[in-house]
Every structure is written in C-alpha cells, then in structure tokens.
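Residue-level structure breakdown
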Amino acid sequence: MRTKHIVFFVLIVAVVLMFTGCDALFQNTFQKLNLAQPSAAALAEQAASSDPVVAQKAQATIIEQKLKENGAAAIVNTIDVGKLTSLSSSSDTSTIVNAVIPPSLQDDHTALAAAIDGLAGMTGDVDALAQKIADAGTAYVDAGSALQTALIVKVVKELDAVDPNKTTGEAVAEYITALKKDPNAKPTTYFNVPDLSTLETDKSLKTLLTAVNGKPTTLEDYFNSFVGS
C-alpha cells in the first residue's frame, strides 16, 4: 500500500504508451511536411484559427514543443514499456522509479524537478486541445497520442508536495534522491496520496476517450480493454 499511488501512476503510463512504445507522443506535423518550425506567436495564432484542422494541429505542436522545452520528453520517450508492463503493486519502489525516470534525470535534481513541474503545468494546454476536438466533433490529430499526454499530465498534476513550500517537481526529485540512500524511503513523506478518482470525471479525458473509441468510454473500461481484466 505504501507505493499504491506511485504504482497506479506507473500503470497508467504503461497502458497509454502501449500504443507507440517509446516513440514520441506527438509527431510534429510541420517536421513531417519538411516545413520550418513556426514561431510560438505563429502557433498561437494558428491555434486560434476557425479552421479546426489548423487549430488542432497547432495546439498539438505547442504541446510537443513544451514537452521538449521542459525536459518532460526525456521521461515519456525513454520509459521501458517492457519493464512497466511486468510491474505490480508488489514491485520494489526503486524498480518502479527506474522504469519511469531515466538515469540522467535521476542524477539531476534540478532537471527532474523542472520536467515534473513542466508536466504539471501543461493542464491548460491539453485541456485546450481537448476542447478544440470537442468543438469540432472530430479529432484531426492523433487522439490516442493526445489522450496519452493528457493522462500523464493529469496524473502528475494530482501529486501535491507535503511541504507547501515545495513544488511537485521538487518533492519528486527529493524522493528520488532519498531512494538512492534508502530503498525503503516512503513517497508519502514527500507528497500526498492523490485522489485519482478525479480522472474518471475529467471533461478533457472524457472528450479524448470518446475521440479514441468513437463512443463515450469510461477510463476504467479503457484500461480494462488493454489489461484484459
């Protein structure tokens, strides 16, 4: 039970990354078309376009850029899916952490904190993409990738530091550092157990689940479709 919320986070990541393994969550539309990367201002303008295709693709690119800028891409793109899918609630905490966070970030407290805080700060970005999809009634971007990103962002957002003077990223980084010294270090010393039930009623996740499955789908049914339980 001491690692219940950490394990749940890992399982979510494991399931959503089954789509693409260790591939990037978003394939940059502009790069695929061999076009120059638009500026932040241009992307913002395109994201506000009345053309849903333009707006959605621009918003997806904004998300991709932020993942790279805050270092979070290093986490989502290097997760060992094979290791994750073999983990369970009885797995050693260090094993779980090693399967989620690359060694380069584990050894860099500042970079890890920035990556986690970066993910936590992207709620508005994934909500904006989900709203554009809802408004159009159709996803003109990879809905599966959008759902993957939204799930990870929403889960990280729910991790609050026990110390009110610490950010979520700082708390996670301190926990990782503590684990290196003591394999029995408890995550609840650094951050509160999150209420992940909020994911079931999250408007954006509902929109993206519908876009992926073509019909309203609960998060539980979505997970069960992969794990076969």
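From a predicted model like this one, the values you see are computed outputs, not experimental measurements.

What to know about the confidence of the model for the protein chain
Per-chain confidence: the protein chain averages 78 in pLDDT, with 73% of residues scoring 70 or above. Averaged over each element, pLDDT in the protein chain is lowest for helix 1 (residues 4-16) (50) and highest for helix 10 (residues 123-136) (97). Low pLDDT, under 50, characterises residues 1-5; the stretch is placed with 13 contacts to residues that sit more than four places away or in other chains. Contacts of residues 14-25 to residues separated by more than four positions or lying in other chains number 29 contacts, the stretch itself having pLDDT below 50.

Section: the pattern of salt bridges
Two side chains with opposite charge may pair up if their charged atoms get near one another. Tallied over the entire structure, the rule returns six salt bridges. Asp125 is the partner of Lys66 in a salt bridge, and the nearest nitrogen-oxygen pair spans 3.0 Å. Taken together, the residues Lys66 in helix 4 (residues 52-69) and Asp125 in helix 10 connect sequence positions 59 residues apart. Among the residues examined, Lys66 registers a relative accessible area of 31% and is labelled partly exposed. The residue Asp127 makes a salt bridge to Lys154 at a minimum N-O spacing of 2.7 Å. Highlighted residues: Asp127 in helix 10 and Lys154 in helix 11 (residues 143-157), separated in sequence by 27 residues. What makes Asp127 partly exposed here is its relative accessible area of 26%.

So, helix 11
Taking 1.5 Å of rise per residue, 15 residues should cover 21 Å, and helix 11 covers 21 Å from first to last C-alpha, within 8% of that figure. At the N-terminal end of helix 11, a side-chain oxygen is found 3.0 Å from the backbone nitrogen of Gly144, two or three residues along, and the residue is Asp142.

Some details on the packing of helix 11 against helix 14 (residues 203-213)
For the pair helix 11 and helix 14, the least separation of the axes is 9 Å and the interaxial angle reads 155°. By the angle class used here, helix 11 and helix 14 are roughly antiparallel. The interaxial crossing formed by helix 11 with helix 14 has left-handed handedness. Residue-level contacts link Ala143, Gly144, Ala146, Leu147, Ala150, Leu151 and Lys154 of helix 11 to Ser204, Leu205, Leu208, Leu209, Ala211 and Val212 of helix 14.

Digging into the side chain of Asp202
Residue placement: Asp202 occurs in the loop between helix 13 (198-201) and helix 14. For Asp202, a relative accessible area of 16% puts it in the buried group. Within the local environment of Asp202, its side chain forms a polar contact with the side chain of Lys154, the two groups lying 3.1 Å apart.

Observations concerning the packing of aromatic side chains
Scanning the entire structure with this criterion turns up two aromatic pairs. Ring plane angle 45° and centroid distance 5.8 Å describe the contact between Tyr175 and Tyr190, whose orientation is recorded as tilted. In this pair, Tyr175 is assigned in helix 12 (residues 168-181) and Tyr190 in the loop between helix 12 and helix 13, connecting sequence segments 15 residues apart. Relative to Phe191, the ring of Tyr175 has its centre 5.7 Å away and its plane inclined at 85°; by these criteria the two rings are edge-to-face.

Things to note about the environment of Val141
On the secondary structure map, Val141 appears in the loop between helix 10 and helix 11. As for Val141 and Gln56, which are separated by 85 residues in sequence, their C-alpha atoms are 6.5 Å apart. When neighbours within four sequence positions are excluded, Val141 is seen to be in contact with Gln56, Lys57, Ala60, Leu129 and Ile133.

Conventions used here
- Residues numbered from 1 in each chain as written.
- Predicted model: local features only at pLDDT ≥ 70, side-chain atom pairs only at ≥ 80, totals over all residues.
- Heavy atoms only, no water.
- pLDDT = per-residue confidence, 0-100.
- Helix = DSSP H or I, 4+ residues; strand = E, 2+ residues; numbered from the N terminus.
- Contact = heavy atoms within 4.5 Å.
- Salt bridge = Lys/Arg side-chain N within 4 Å of Asp/Glu carboxyl O.
- Buried < 20%, exposed > 50% of the residue type's maximum accessible area, 1.4 Å probe, protein only.
- Expected span 1.5 Å × (residues − 1).
- Polar contact = N/O pair within 3.5 Å; in protein donor to acceptor, adjacent residues only side chain to side chain.
- Axes fitted to C-alpha atoms, helices over the stretch in contact; angles between N-to-C directions.
- Parallel < 35°, antiparallel > 145°, perpendicular 65-115°, else oblique.
- Left-handed = near helix turned anticlockwise from the far one by under 90°.
- Phe/Tyr/Trp six-rings, centres within 6.5 Å; stacked < 30°, edge-to-face > 60°.

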